[in-house]
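Topology and contacts: notes
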Amino acid sequence: MTKIHLTLNNFLNFETLLRIFPDSNKYEFTSKKVFRLKDCVPCNCGAEMVHNGYDYARKKGFGKVKIGKQCCNNCGATHHEDKGFWKNLLADWRETITSLLLVLRDSNVSWHVISAIMKYIIPCSKDKARYLFNQKIEQFEYPQQNYAIVNYDEQHPKKGRTQKYRLTLLNYETKVPIAEGLFDNKDEETIEAFLRKHLDTAKEIVIIVDCDRRYPAIFKKIWGNKVIVQKCLLHLNKLVVNDFGRNTSLLNEYNKYLILNIFYNRSRELKFLKKLLQKQEKKHFTTSKEKKEWVKEAKRKFYEYLKKLENSRRRKEKNLTQRKLFKAKELFEELWHQKALFSKKVRERLKMIKDNWKYFTAFYQIKGCPATNNAVENYYSTSLKTHRKKQLRSDEGIVNHMKLSALKRAEGFAEPKKTILEIYGLFKLITS
């Protein structure tokens, strides 16, 4: 190992110094803080070189370290010592600072604030901080494996006022992104090219998507009969809720939950609404305003009941109970026979469910297949949130946010091997 010339100043740090320098008995660290070879090296001219002072290796904010050099008295050639230990220390510092930058950017801290924070540690401009961050992000590559079940979805971030489209593929089993891309549009050709680039078109695959009507045709064109499409039941429920609007009557609220009851057990909600409807029938209202106030109060009680059920499920860490396939089919057929009782918009929704029945029920036949696209929705909520996705000003900024979230899921933020203070202390031991 490197020989350390001890002084009263570095005596207590002897073991730490040994870890900094090369594990070789050829080197020494002198009492004047010069790192050099113990013995002189032969020159190409045949003569032996002699120690001839030192050169400085500098780093702003840290100081300068003395690196020994040798000179040939015969021909004047010089030999400079290896300064790999210095580069390793700087690499440790860069890695630790970059890890800090990743955590700060994941918390949506601006570059201006990051630069202000760094003034309390080692001054670092926002351009330098951005360079270190981008360098790390550019090194990240999405993991490539074979996938059986894949989530696909789209998000609509903005570059200033320009609409952009983020396409994402997620491995359902690991919840790690397979690939992402930022595009100017999301037409069929763009989606097809993106899928062909990142997925194996020769193998069977299950894809979970939202309710966009274009998807089955695109997937069939790429995989033929080797693809199974599961349309998200959560997106379907959102469409059903939108069909009935916000200011619904008690009867329409009941009809809404009849449709929501197809795939998920909503019998308790329906029972509560049925009681309210029976009370409404027995009531005699003198004015329309009185009836309106009563309905408003009845709906408030119903929403409180919904919240109570939701909180109860959360405490027990349970989700809504999914229907068995035979029961879901039975309930749908019953509604289909009664479709004349519903509004035109609801009848169209029932027809849409009937036309896409195989896509809404694919998860019943495939073990481990989810019924919703919640996995990728949750991923979106932790990367580009609703308010954040409208504040970015460049393609690079959007892509970096996408990659940062993928890196966090795939690798996590590395725990620092040494703290900033520890690394800075090492610099102070060897610099002058």
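Above this note sits the structure.
To keep things clear, this report deals only with the structure shown in the data block. No experiment lies behind these values; they were computed from the predicted model shown.

1. A few points about helix 10 (residues 288–315)
For helix 10, with 28 residues, the first-to-last C-alpha span of 41 Å sits near the 40 Å given by 1.5 Å per residue. Turning to helix 10, its buried residues are W294, V295, A298, K299, F302, Y305, L306 and L309. Looking at the buried side of helix 10, the elements it contacts are helix 8 (250–260) and helix 9 (267–282).

2. Some remarks on empty space enclosed by the protein
Under the criterion given, the structure shown has 1 cavity of 30 Å³ or more. Of the pockets and cavities examined, the largest cavity occupies roughly 70 Å³. D92, E95, T96, S99, A414, E415, P416, K417, K418 and I423 together form the lining of the largest cavity. The element best represented in the lining of the largest cavity is helix 2 (residues 84–106), accounting for 4 residues. For the lining of the largest cavity, the class distribution of residues is 3 nonpolar, 2 polar and 5 charged.

3. Notes on the nonpolar core
Of all hydrophobic cores here, the largest spans 49 residues; its most connected members are F85 and I430. Among the elements that make up this core, the one with the highest residue count is helix 2 (9 residues). Every residue in contact with F85, bar those within four places of it in the chain, is listed here: I20, F21, P22, F35, V65, I67 and I430. Listed in part, the 40 residues of the second largest apolar core include V206, I208, F244 and W336.

4. Some remarks on the layout of surface pockets
Size it by volume and the largest pocket reaches roughly 850 Å³. Forming the boundary of the largest pocket are 27 residues, of which L234, N237, R266, R313 and L320 lie nearest the centre. Secondary structure elements with two or more residues in the lining of the largest pocket: helix 7 (233–244), helix 8 and helix 10. It is helix 10 that contributes the most residues to the lining of the largest pocket, 5 residues altogether.

5. Observations concerning the packing of aromatic side chains
Taken as a whole and judged by the stated rule, the model has 17 aromatic pairs. Their ring planes at 50 degrees and their centres at 5.9 Å tell us that F302 and Y303 sit as a pair that is tilted. Exposure remark for Y303: the relative accessible area of 37% places this residue in the partly exposed category. The structure contains a cluster of three or more aromatic residues connected by ring pairs, namely Y257, F272, F302, Y303 and Y305. Over the aromatic face of Y172 sits the side chain of K175, whose NZ or CZ is 4.0 Å from the ring centroid.

6. Digging into the packing of helix 2 against helix 4 (residues 126–139)
Helix 4 packs onto helix 2 with a crossing angle of 90 degrees between their chain directions and a minimal axis gap of 9 Å. One element, helix 2, and the other, helix 4, form an angle in the roughly perpendicular class. Contacts between helix 2 and helix 4 involve R94, I97, T98, L101, L102 and R105 from the former and A129, L132, F133, Q135, K136 and I137 from the latter. Residue classes in the contact of helix 2 with helix 4 are distributed as 7 nonpolar, 2 polar and 3 charged.

7. Some details on the packing of helix 8 against helix 9
Between helix 8 and helix 9, the shortest axis-to-axis distance is 10 Å and the interhelical angle comes to 160 degrees. The angle between helix 8 and helix 9 falls in the class roughly antiparallel. Here helix 8 runs over helix 9; the crossing is left-handed. Where helix 8 abuts helix 9, its residues L250, L251, E253, Y254, Y257 and L258 lie against E269, L270, L273, K274, L276, L277 and Q280. A breakdown of the residues in the contact of helix 8 with helix 9 according to their chemical character gives 9 nonpolar, 1 polar and 3 charged.

8. Some details on a nonpolar patch on the surface
Residues V113, I117, Y120 and I121 make up a contiguous nonpolar surface patch of roughly 390 Å² in combined accessible area. Mapped onto the elements of the fold, I117 is located in helix 3 (residues 111–118). Here I117 falls in the partly exposed class, since its relative accessible area comes to 33%.

9. Overview of the sheet that holds strand 7 (residues 149–155)
Read across the open sheet, the 5 strands follow the order 11-10-7-12-13; overall the sheet is mixed. Edge positions in the open sheet fall to strand 11 (176–183) and strand 13 (227–231), since each of these has one partner strand only. For this sheet, the mean inter-axis angle between neighbouring strands, taken without regard to orientation, is 20 degrees. The pairing of strand 10 (residues 165–171) with strand 11 spans 7 bridges and is antiparallel.

Basis of the calculations
- Residues numbered from 1 in each chain as written.
- Predicted model: local features only at pLDDT ≥ 70, side-chain atom pairs only at ≥ 80, totals over all residues.
- Heavy atoms only, no water.
- Helix = DSSP H or I, 4+ residues; strand = E, 2+ residues; numbered from the N terminus.
- Expected span 1.5 Å × (residues − 1).
- Buried < 20%, exposed > 50% of the residue type's maximum accessible area, 1.4 Å probe, protein only.
- Contact = heavy atoms within 4.5 Å.
- 1 Å grid on protein atoms, 1.4 Å probe; cavity = no way out; pocket = protein on both sides within 12 Å on 5 of 7 lines; lining within 4 Å.
- Points joined across faces, edges and corners; volume = space filled by probe spheres on them.
- Nonpolar A, V, L, I, M, F, W, Y, C, P; charged D, E, K, R; others polar.
- Core = buried A, V, L, I, M, F, W, Y, C linked by side-chain atoms within 4.5 Å.
- Phe/Tyr/Trp six-rings, centres within 6.5 Å; stacked < 30°, edge-to-face > 60°.
- Lys NZ or Arg CZ within 6 Å of the ring centre and 35° of its normal.
- Axes fitted to C-alpha atoms, helices over the stretch in contact; angles between N-to-C directions.
- Parallel < 35°, antiparallel > 145°, perpendicular 65-115°, else oblique.
- Left-handed = near helix turned anticlockwise from the far one by under 90°.
- Patch = residues over 30% accessible without salt bridge, like charges linked within 9 Å, V, L, I, M, F, W, Y side chains within 5 Å.
- Areas by Shrake-Rupley, 256 points an atom, 1.4 Å probe, with all protein chains shown as cover.
- Salt bridge = Lys/Arg side-chain N within 4 Å of Asp/Glu carboxyl O.
- Pairing = 2+ DSSP bridges.

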